[in-house]
Amino acid sequence: MIPHRDILERITDILARSKDVLILEHEKPDGDSIGSGLALALALSSLGKKALLLSQDPHPSMYDFLPGRHLYTMVSCLGPEDADPDVTVFLDCTGPERAGKALEYAHSETWINIDHHISNSGFGHVSLVDPDAAATGELVFFLLKAMGVEIDEDMATCLYVAIVTDTGGFRYQNTGPRCFHVAAELIDKGVNPSFVADLLYETRSLSSLMLLKNALQALEVYKNGRLATIDVTKAMLEDAGASFEDADSIVNYPRSIAGVEVALCFKESPDQTAVHLSLRSRSKVDVSEIAGLLGGGGHSRAAGAVVQGSLEQVKARVLGVLDGLDIWADS
Ligand code: 5GP
Ligand code: MN
């Protein structure tokens, strides 16, 4: 059974009438926006349409193995007149501004918004927002089915990566029966789960491990062991020879400490004028609400925000906000 049939039919009608589709992922794209974007671009190409996946930021190198790279480009490689879409599809973006500089190219009359964040603003002419979907890739899977696309191994691999990464390898609370059904169908189409798992979870660069070693020195625990924080500074990145993307999964270490409910990772921006904050919770606290207080958003168990200021200023502000919350009781 295909969920959201009515909205999917409206989206299918719009895409069927269009020739040139621009697909936008969010800034600092993750496996979900990359996988769902590449899958949709491949599907539209298979129907003879022009499709371009546009990103403000580069794709992390761990996704280099994904097919469809010829359909993706970065804003820095495009001139202002190089995109003339009939329709723009936003994937995994809570609001249009999440596309960052790529938004400048979204000058089509029609916008389609496909997302699974509870904090999505409902923007766009047609919006398919389902917070029960484990990943935006799960929704794109149903879209491809509604479009009558023959999902091949390449599209299936992209969608599988979207679902695997957003569920943390089928471990997070958003892991429900539907994403396993979708994953099973994708494996039937030729996805090799152990190959994907090896590349995503069992392979890392030496520099990212050296960065972890540095960051663990900055691990701190507050609130009777219920809150843990970790910092990633510019100096740590330089010392380890690591890139900003190497810091992506470091927040999982403070969260893994027994008894910790909320974990924070403070990542200093390269120009040291802002901090990228990652928030995670184990089972109770809705960190998307906390991120919202700081101008960000996300999911109940994984959220983020970009906060202006030096690392010290941002840490003091964020810890002040958390200190005022009534969430630190032991049970
Ligand atoms: P991460 O900590 O991995 O960067 O992000 C975790 C979740 O929070 C992701 O679902 C991501 O889309 C969301 N998120 C991260 N940064 C921001 C932000 O600045 N604004 C909003 N609205 N969501 C964010
Ligand atoms: Mn997602």
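Not measured: the values here are computed from a predicted model.

Definitions and cut-offs
- Sequence order sets the numbering: in each chain, residues are counted from 1 along the sequence as written.
- For this description, chains carry letters from A and ligands carry numbers from 1, given in the order in which they are written.
- Given that the model is predicted, a residue must reach a pLDDT of at least 70 before its local features are reported, and side-chain atom pairs must reach 80 or more before they are shown or counted; all residues, however, enter totals for whole chains, interfaces and linings.
- To obtain the side-chain values, all non-hydrogen atoms of the structure were used and water was disregarded.
- The term disulfide is used for any two cysteine sulfur atoms that are within 2.5 Å.
- Three exposure classes are used, based on accessible area relative to the maximum for each residue type with a 1.4 Å probe and protein chains only: buried under 20%, partly exposed in between, and exposed over 50%.
- Salt bridges are defined as contacts in which a side-chain nitrogen from Lys or Arg sits within 4 Å of a carboxyl oxygen from Asp or Glu.
- Under the scheme used here, helices are H or I runs from DSSP no shorter than 4 residues and strands are E runs no shorter than 2 residues, and both carry numbers assigned from the N terminus.
- The criterion for strand pairing is that DSSP finds at least two bridges linking the strands in question.
- For the handedness criterion, the strands are oriented away from the viewer, and a crossover whose path from the first strand over the helix to the second runs clockwise is classed as right-handed.
- Remark: nonpolar core denotes a set of buried residues (Ala, Val, Leu, Ile, Met, Phe, Trp, Tyr, Cys) joined through side-chain atoms within 4.5 Å.
- Throughout, a residue-residue contact means that at least one pair of heavy atoms, one from each residue, lies within 4.5 Å.
- The sign given to each residue is positive for Lys and Arg and negative for Asp and Glu; His and the chain ends receive no count.

A.B. asks: Explain the state of the cysteines here, please?
C.D. replies: Throughout this description, disulfide means a covalent bond between two cysteine sulfur atoms. A full pass over the atoms with the stated rule returns zero disulfides. Left without a disulfide partner, C77 is nearest to the cysteine sulfur of C93, which lies 19 Å away. The cysteine C179 is free of any disulfide, with C158 supplying the nearest cysteine sulfur at 18 Å. Of the residues examined, C179 reaches a relative accessible area of 1% and is grouped as buried.

A.B. asks: Quick question: what am I supposed to make of the pattern of salt bridges here?
C.D. replies: A side chain of one charge can pair with a side chain of the opposite charge when the charged atoms of the two come close. Counted by the stated rule, this structure contains eight salt bridges. Among the salt bridges present, the one from R98 reaches E27, with a minimum N-O distance of 3.8 Å. Taken together, the residues span a long stretch of sequence, with R98 in the loop between β4 (87-91) and β5 (110-115) and E27 in the loop between β1 (20-24) and α2 (31-46) at a distance of 71 residues. You can call E27 partly exposed: its relative accessible area is 25%. Between K145 and E185 there is a salt bridge, with the nearest N and O atoms lying 2.9 Å from each other. Taken together, the residues K145 in helix α3 (residues 136-146) and E185 in helix α5 (residues 177-188) connect sequence positions 40 residues apart. Here K145 falls in the partly exposed class, since its relative accessible area comes to 35%. Each of D130, E138 and R178 takes part in one network of salt bridges that share partners.

A.B. asks: What am I meant to see in unusual backbone geometry here?
C.D. replies: Note: most peptide bonds trans; most residues except glycine with negative phi. In this structure, H4 is a non-glycine residue whose phi angle is positive, near 55°. Structurally, H4 can be placed in the segment before α1 (5-17). For H4, a relative accessible area of 28% gives the class partly exposed. Positive phi outside glycine occurs at K223, with the angle close to 50°. Within the secondary structure layout, K223 lies in the loop between β7 (220-222) and β8 (227-232). On the basis of relative accessibility, which here comes to 29%, the residue K223 falls in the partly exposed class.

A.B. asks: When you look at the pairing of β4 in this model, what are you seeing that I'm missing?
C.D. replies: Residues in a regular strand point their side chains to alternate faces of the sheet. Counted residue by residue, β4 has five buried out of five residues, so it is predominantly covered. Side chains V87, V89 and L91 project from β4 onto one buried face, and the interleaved T88 and F90 project onto a second face that is buried too. Where β1 and β4 come together, four bridges link them in parallel fashion. By the bridge assignment, L22 is partnered in β4 with T88. Pairing analysis gives five bridges linking β4 to β5, with the strands arranged parallel. In the strand pairing of β5, V87 is matched with T110.

A.B. asks: Is there a simple way to think about the pairing of β1 in this case?
C.D. replies: Counting buried residues along β1, five of its five residues qualify, which places the element largely inside the surrounding structure. Residues D20, L22 and L24 line one face of β1 and the alternating positions V21 and I23 line the opposite face, and both faces are buried. Direction of pairing for β1 relative to strand β2 (residues 50-55): parallel, over a ladder of five bridges. Within β2, the residue paired with V21 across the bridge is A51. Where the polypeptide runs from β1 across α2 and back to β2, its parallel neighbour, the crossover connection is right-handed.

A.B. asks: In this structure, what is going on with the nonpolar core? I would like to understand it.
C.D. replies: Within soluble globular proteins, side chains that are nonpolar generally end up buried alongside one another. Formed by 56 residues in total, the largest nonpolar core has its most connected members in L15, L40, I114, L144 and L186. Once residues within four sequence positions are removed from consideration, L15 is found in contact with V21, L44, K49, V87, V89, I112, L143 and M147. Counting 20 residues, the second-largest nonpolar core is a separate cluster that includes L264, V285, A291 and V307.

A.B. asks: Could you clarify how one ought to interpret the side chain of R280 in this entry?
C.D. replies: Residue position: R280 is located in strand β10 (residues 274-281). The charged side chain of R280 is buried without a salt bridge, its nearest counter-charge being D248 at 7.8 Å. Sequence-distant contacts of R280, defined by excluding residues within four places in its chain, comprise V251, N252, R255, E261, V262, A263, V287, R301, A302 and A303.

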